[in-house]
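Residue-level structure breakdown
One letter stands for each residue in the lines below.
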Amino acid sequence: LMGSVTASLLAGEDASWRTPFWCANEAGEWLFREHTATEIQAVGLAGKDHILLCQTRLDLLSAALNAAASVADIDAIAWRD
């Protein structure tokens, strides 16, 4: 994905730029479809947001685990939302 995002940025103002990338349609079927620069950049931003959310959750869980002084403290950690 990041390679496609980078390529879209290097294409500059070329409105004809397209790249194939996997995506699911409304029925949940995965297709290898053409995406415009705007579309692939939006997917890249959404992917980054999701990764950052996961990394933030990992940071909070790691801090809670490191602060735990007992098995009971570990058992009290909310591992899932």
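Quick look at the structure, then. Every value quoted in this text rests on a predicted model; they were computed, and no experiment measured them.

On to a nonpolar patch on the surface, then. A contiguous nonpolar patch, built from Leu1, Met2 and Val43 and spanning about 240 Å² of accessible area, is present on the exposed surface. Tracing the chain through its elements places Met2 in helix H1 (residues 2-10). Residue class for Met2 comes out partly exposed when judged on its relative accessible area of 49%.

This part is about the pairing of strand E1 (residues 18-24). Direction of pairing for E1 relative to strand E2 (residues 30-36): antiparallel, over a ladder of seven bridges. What sits directly across from Thr19, in E2, is His35. Here E1 hands over to E2 after five residues, with Gly28 in that stretch at a positive phi of 85°.

Any two aromatic rings considered together are summarised by their centre-to-centre distance and by the angle between their planes. Following the criterion strictly, the structure yields one aromatic pair and no others. With centroids separated by 5.2 Å and ring planes inclined at 40°, the aromatic side chains of Trp22 and Phe32 adopt a geometry described as tilted. Highlighted residues: Trp22 in strand E1 and Phe32 in strand E2, separated in sequence by 10 residues. For Phe32, a relative accessible area of 51% puts it in the exposed group.

All right, on to helix H2 (residues 37-67) then. The end-to-end C-alpha distance of H2 is 45 Å, a good match for the 45 Å that 31 residues give at a rise of 1.5 Å each. If you check which residues of H2 are buried, you get Ala37, Ile40, Gly44 and Leu61. On its buried face, H2 is in contact with H1, E1 and E2.

Of all the residues in H1, the buried ones are Ser4, Val5 and Ser8. The arc enclosing the buried residues of H1, seen along the axis, measures out at 100°, which places them on a common side. Opposite the buried face of H1, by more than 90 degrees, sit the exposed residues Gly3, Leu9 and Leu10. Elements that come into contact with the buried residues of H1 comprise E1 and H2. In the stretch just after H1, Gly12 is the one whose phi turns positive, near 65°.

Thresholds applied
- Residues numbered from 1 in each chain as written.
- Predicted model: local features only at pLDDT ≥ 70, side-chain atom pairs only at ≥ 80, totals over all residues.
- Heavy atoms only, no water.
- Patch = residues over 30% accessible without salt bridge, like charges linked within 9 Å, V, L, I, M, F, W, Y side chains within 5 Å.
- Areas by Shrake-Rupley, 256 points an atom, 1.4 Å probe, with all protein chains shown as cover.
- Salt bridge = Lys/Arg side-chain N within 4 Å of Asp/Glu carboxyl O.
- Helix = DSSP H or I, 4+ residues; strand = E, 2+ residues; numbered from the N terminus.
- Buried < 20%, exposed > 50% of the residue type's maximum accessible area, 1.4 Å probe, protein only.
- Pairing = 2+ DSSP bridges.
- Phe/Tyr/Trp six-rings, centres within 6.5 Å; stacked < 30°, edge-to-face > 60°.
- Expected span 1.5 Å × (residues − 1).
- Contact = heavy atoms within 4.5 Å.
- Arc of directions from axis to C-beta.

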